[in-house]
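Each chain is listed here by its residues.
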Amino acid sequence: MKTLLVLALLCTATSVSAQDRHLLSPDGAIDVTIGQDAATKGPTYAIAFHGRPVIGTSPLGLAFESYKKLGPDTASTGAARTNADTRYRLIAGKTSAARDQYNELTLGLTETGGAQRKLDIVFRAYDDGVAFRYRLPVQPGFTDLRLAGELTEFAFPADYRCWGLNLGRFDTSHEGEYDSLSASQVRPHNLFETPVTCRTGTGDISFALTEANLRDYAGSYLTGRETGALGFATRLTPRLDDPAIAVKTDVRTTGLTTPWRVVMLGATPGKLIESTILTSLNPAPKGDFSWVKPGKTAWDWWNGPTLKALPTAGMNDATIKAYIDFAAANGLPYMLIDDGWYMNSGGGPVVYQGADIMTTVPVIDLPGLIRYAADRKVGLWLWANWRVLDAKMDAVFARYAVMGIKGFKVDFMDRSDQQIVDFYQRIFTASAAHHLMLDLHGAYHPTGATRTWPQFLTQEGVLGAEYNKWTRRITARHNVTLPFTRGLAGPYDYTPGGFLNATPATFRIEPQTPMVQTTRGQALAMYVVFDSPFMGVSDSPDNYAGAAGFDFIRAVPATWDETHVVSGEIGERIVTARRSGKDWYVGAMTNETARTVDVPLDFLGSGRFTATIWQDGASPTDVITITRVVTARDTLTLTLAASGGGAIRLVPIQ
């Protein structure tokens, strides 16, 4: 139940500007100091966690075109405080129940000269982080807003170690490695995708910088501060049609509310993974989403398709039926038909002219395949180029939803400007109206929209397993870095399940039937460690037939009721436990260093459980399976090979 408490602070400009305000998290561990810069007379903030400074005094404000600013030379007109403590349900993701508990302070500002424009800054302190955003009230002088950027910065009191993806450009698929670097190495010309994750080096504090509730605005990057001081500054993606600005909107009737700038905080890196702050910062869904059903999927693209029984495997009915049969036989609720099913569908981001998404290629009988799949309790998804889809979105969705298609994988947006953010809102609205689920590829980082739009199950924006087809970049170290970096933002369609396991030394680039340079144990662990409610079972059915460990993939769910990170170190190792109903699943992964990891089972609760353990054997494809009875007082030990992993299923004994 929400409690509202408003404190009107009617002070003179002089007395208010000299007074710092403090906003504490509900548990008191986080302290946000809100003040004013003595030189610029602009608003500032700083963040401490358990009494230790994490973000130093940092400027705030908005930047318009022609270098005009709103923030400096302002005075506070008052502040309002409120707090909330509510609970909400999530259909898919790391948990089925989340708590939205925060303390909030809204600071009112007015310019001391000129047009005396007004600006509100809303701060929220959660137990797992801090968020703030700008709000321009409806006011004289603001009509057609042309925003170039923000003055938002994140000052670092020390030279923290961070992990970030420096994309360096705006037109990008948002895929790459999250490299380790010192804050002193960040430069103003860098463009870091969010989240950027950092360790303070004191008190084992971890934090990540990102954004939430992105809509009617431009996506943001993090870059070096122009002063050369330690930390990051915010940079907005410019518009394609007007690169001098990032956001263009009419504010005469609604004003402007920006996305949240978010500092996720935790005592360990694993606590960041458990956080639900990003979904909490997004609005609740409107309408009935009971039709949304997360699940695993067979897939015809990554593995070739290759089928021993079909020498002519490709985009044809016989191949798709074989994958449907595989899904049905192994309890997979979905099969994804990738690129090539509609006329003139292309294989790249710009190959879309002349494509006809309303007409299938002659060798595909889509209505017949939908009936064939439905008879076997398998739902079909379709791939589409976003430009082809956007040209007639409602007509396409109406047609294929009526036919019985369950969802769309939409590809190649490769941008985060205001126009593409608007496209996301259009496709969220249209897919919900037609009861179609979504998987977005070539997509910018998640911002918590899966709460508002539960049919938006997953997205790419990750350097995933597809790269094994043409590079050696998908290393074990990369894999154990992802949960602590890209994974903090939301689900990621990494497309796991590669069963042609090799060591880095024996790995070969095979475009048609790709190998992976990690063990079978790590392949299994990904289904627990990686978060995706539409999880690919990506290899050829041939490679799963009789294969060690495939029984775990058949059993593991795609969505969870509870997540607990047992242990982990960024780029080194991770052990994650997740609960689905009464069963628990554990995934453990290591980098190129072999190691043993302990798994205390204190998360289990009362009773006895049957523990089935899958762990690395003598070769990359070997799996050793062990079964034993355990309780919450026990600790299991997993032996992980180099570039390896292991998995555990824990089932209550009735």
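Please read these numbers as outputs of a predicted model, since none were measured by experiment.

Thresholds applied
Residues numbered from 1 in each chain as written. Predicted model: local features only at pLDDT ≥ 70, side-chain atom pairs only at ≥ 80, totals over all residues. Heavy atoms only, no water. Phe/Tyr/Trp six-rings, centres within 6.5 Å; stacked < 30°, edge-to-face > 60°. Helix = DSSP H or I, 4+ residues; strand = E, 2+ residues; numbered from the N terminus. Buried < 20%, exposed > 50% of the residue type's maximum accessible area, 1.4 Å probe, protein only. Pairing = 2+ DSSP bridges. pLDDT = per-residue confidence, 0-100. Contact = heavy atoms within 4.5 Å. Axes fitted to C-alpha atoms, helices over the stretch in contact; angles between N-to-C directions. Parallel < 35°, antiparallel > 145°, perpendicular 65-115°, else oblique. Left-handed = near helix turned anticlockwise from the far one by under 90°. Nonpolar A, V, L, I, M, F, W, Y, C, P; charged D, E, K, R; others polar. Core = buried A, V, L, I, M, F, W, Y, C linked by side-chain atoms within 4.5 Å. Disulfide = S-S within 2.5 Å. Expected span 1.5 Å × (residues − 1). Polar contact = N/O pair within 3.5 Å; in protein donor to acceptor, adjacent residues only side chain to side chain. Arc of directions from axis to C-beta. Salt bridge = Lys/Arg side-chain N within 4 Å of Asp/Glu carboxyl O.

Q: Go over the packing of aromatic side chains with me, naming the residues and quoting the values.
A: Scanning all chains against the criterion turns up 41 aromatic pairs. Ring geometry for phenylalanine 170 versus tyrosine 221: centroids 5.4 Å apart, planes at 80 degrees, classification edge-to-face. Taken together, the residues phenylalanine 170 in the loop between strand S13 (161-166) and strand S14 (179-182) and tyrosine 221 in strand S17 (residues 220-224) connect sequence positions 51 residues apart. Ring plane angle 40 degrees and centroid distance 4.9 Å describe the contact between phenylalanine 428 and phenylalanine 456, whose orientation is recorded as tilted. Here the residue phenylalanine 428 occupies a position in helix H8 (residues 418-433), and phenylalanine 456 occupies one in strand S29 (residues 456-459), the gap between them amounting to 28 residues. Accessibility classification places phenylalanine 428 together with phenylalanine 456 in one group, the buried group.

Q: So what's going on with the pairing of strand S38 (residues 645-652)? Which residues, and what values?
A: Both strand S33 (residues 583-590) and S38 contribute to a ladder of 6 bridges, which runs antiparallel. For tyrosine 585, the partnering residue across the bridge sits in S38 and is arginine 649. Direction of pairing for strand S35 (residues 609-616) relative to S38: antiparallel, over a ladder of 7 bridges. Looking across to S38, one finds that isoleucine 613 is bridged to isoleucine 648.

Q: Help me get a handle on the confidence of the model for the protein chain, residues and values and all.
A: With 96% of its residues at a pLDDT of at least 70, the protein chain reaches an overall mean of 95. Model confidence for the protein chain, summarised as mean pLDDT per element, is weakest for helix H1 (residues 13-17) at 33 and strongest for strand S21 (residues 260-266) at 99. Note on residues 1-18: pLDDT under 50 across the span, and 27 contacts to partners over four residues away in sequence or across chains.

Q: Residue-level account of the packing of helix H4 (residues 317-329) against helix H5 (residues 366-375), with values.
A: H5 packs onto H4 with a crossing angle of 20 degrees between their chain directions and a minimal axis gap of 10 Å. Considering their axes alone, H4 and H5 lie roughly parallel with respect to each other. H4 and H5 meet at a crossing whose hand is right-handed. Residues Asp317, Ile320, Lys321, Ile324 and Asp325 of H4 form the contact with H5, whose own contacting residues are Leu369, Tyr372 and Ala373. Per-class residue counts for the contact of H4 with H5 are 5 nonpolar, no polar and 3 charged.

Q: Tell me about the side chain of lysine 409, residues and numbers included.
A: You can see lysine 409 is positioned in strand S27 (residues 407-411). Take lysine 409: its relative accessible area is 3%, and that puts it in the buried class. Residues in contact with lysine 409, not counting those within four places in the same chain, are Trp299, Leu336, Asp338, Trp381, Leu382, Trp383, Ala384, Asp439 and His441.

Q: Outline the nonpolar core, supporting the account with residue identities and numerical values.
A: Counting residues in hydrophobic clusters, the biggest one holds 180 residues, and the most contacted among them are Phe123, Phe156 and Phe408. When residues in this core are grouped by element, the largest group, 8 residues, is from H8. Not counting chain neighbours up to four residues away, the residues in contact with phenylalanine 408 comprise Trp381, Leu382, Ala384, Val396, Phe397, Tyr400, Leu436, Met437, Leu438 and Asp439. Of all hydrophobic cores here, the second largest spans 19 residues; its members include Val597, Leu638, Leu640 and Ile648.

Q: Could you give an account of the state of the cysteines, naming the residues involved and the relevant values?
A: By definition, a disulfide is the covalent link that joins the sulfur atoms of two cysteine residues. Following the criterion strictly, the structure yields 1 disulfide and no others. Disulfide pairing is shown between cysteine 162 and cysteine 198; the S-S distance is 2.2 Å. On the sign convention where negative means left-handed, the S-S torsion of about 105 degrees between cysteine 162 and cysteine 198 marks this disulfide as right-handed. One end of the pair, cysteine 162, is in strand S13; the other, cysteine 198, is in strand S15 (residues 192-199), with 36 residues separating them in the sequence. Cysteine 198 shares its class with cysteine 162; the two are buried.

Q: Outline H8, listing residues and values.
A: In this model, H8 (16 residues) spans 23 Å end to end at C-alpha, consistent with the 22 Å of a helix rising 1.5 Å per residue. Considered for burial, the residues of H8 that qualify are Gln418, Ile420, Val421, Phe423, Tyr424, Gln425, Ile427, Phe428, Ala430, Ser431 and Ala432. Its side-chain oxygen placed 3.1 Å from the backbone nitrogen of glutamine 419, aspartate 417 serves as the N-cap of H8. With its phi angle positive at about 55 degrees, histidine 435 sits one or two positions after the end of H8.

Q: For helix H7 (residues 393-403), give the residues involved together with the corresponding values.
A: Three or more residues of H7 are buried, namely Met393, Val396, Phe397 and Tyr400. Buried residues in H7, looked at end-on, bunch into an arc of 95 degrees, giving them a common side. Away from its buried face by more than 90 degrees, H7 exposes Asp394 and Val402. Against strand S25 (356-360), H5, strand S26 (379-385), helix H6 (386-390), S27 and H8 lie the buried residues of H7. Just downstream of H7, glycine 404 is the residue with a positive phi angle, here 115 degrees.

Q: An account of the sheet that holds S27 is requested, with residue identities and associated values reported.
A: On the basis of which strands lie adjacent, the open sheet formed by 7 strands has the order S29-S28-S27-S26-S23-S22-S30 and parallel pairing. With partners counted over all chains shown, the strands left at the sheet margins are S29 and strand S30 (534-537), one partner each. The mean inter-strand angle of the sheet, taken between neighbouring strand axes irrespective of direction, is 25 degrees. Here S26 runs beside S27; their pairing, made up of 5 bridges, is parallel. Following the sheet pairing, alanine 384 is matched in S27 by valine 410. Along the sheet, H8 makes contact with S27, strand S28 (437-440) and S29, crossing S28 at roughly 155 degrees.

Q: Tell me what's going on with the pattern of salt bridges, and back it up with residues and numbers.
A: Going through the model one piece at a time under the given rule, you end up with 28 salt bridges. Here aspartate 325 ties to arginine 376 by a salt bridge, and the two come within 3.4 Å at their closest N and O atoms. Within this pair, whereas aspartate 325 is found in helix H4, its partner arginine 376 is found in the loop between H5 and S26, the two being separated by 51 residues in sequence.

Q: Can you break down the sheet that holds strand S1 (residues 21-24) residue by residue, with the values?
A: Read across the sheet, 4 strands follow the order S1-S2-S3-S4 without closing on themselves; strand pairing throughout is antiparallel. Looking along the sheet, the strands with just one partner apiece sit at the ends: S1 and strand S4 (52-59). Neighbour to neighbour, the strand axes of the sheet diverge by 15 degrees on average, direction disregarded. Relative to strand S2 (residues 30-36), S1 runs antiparallel, the two being bridged by 4 bridges.

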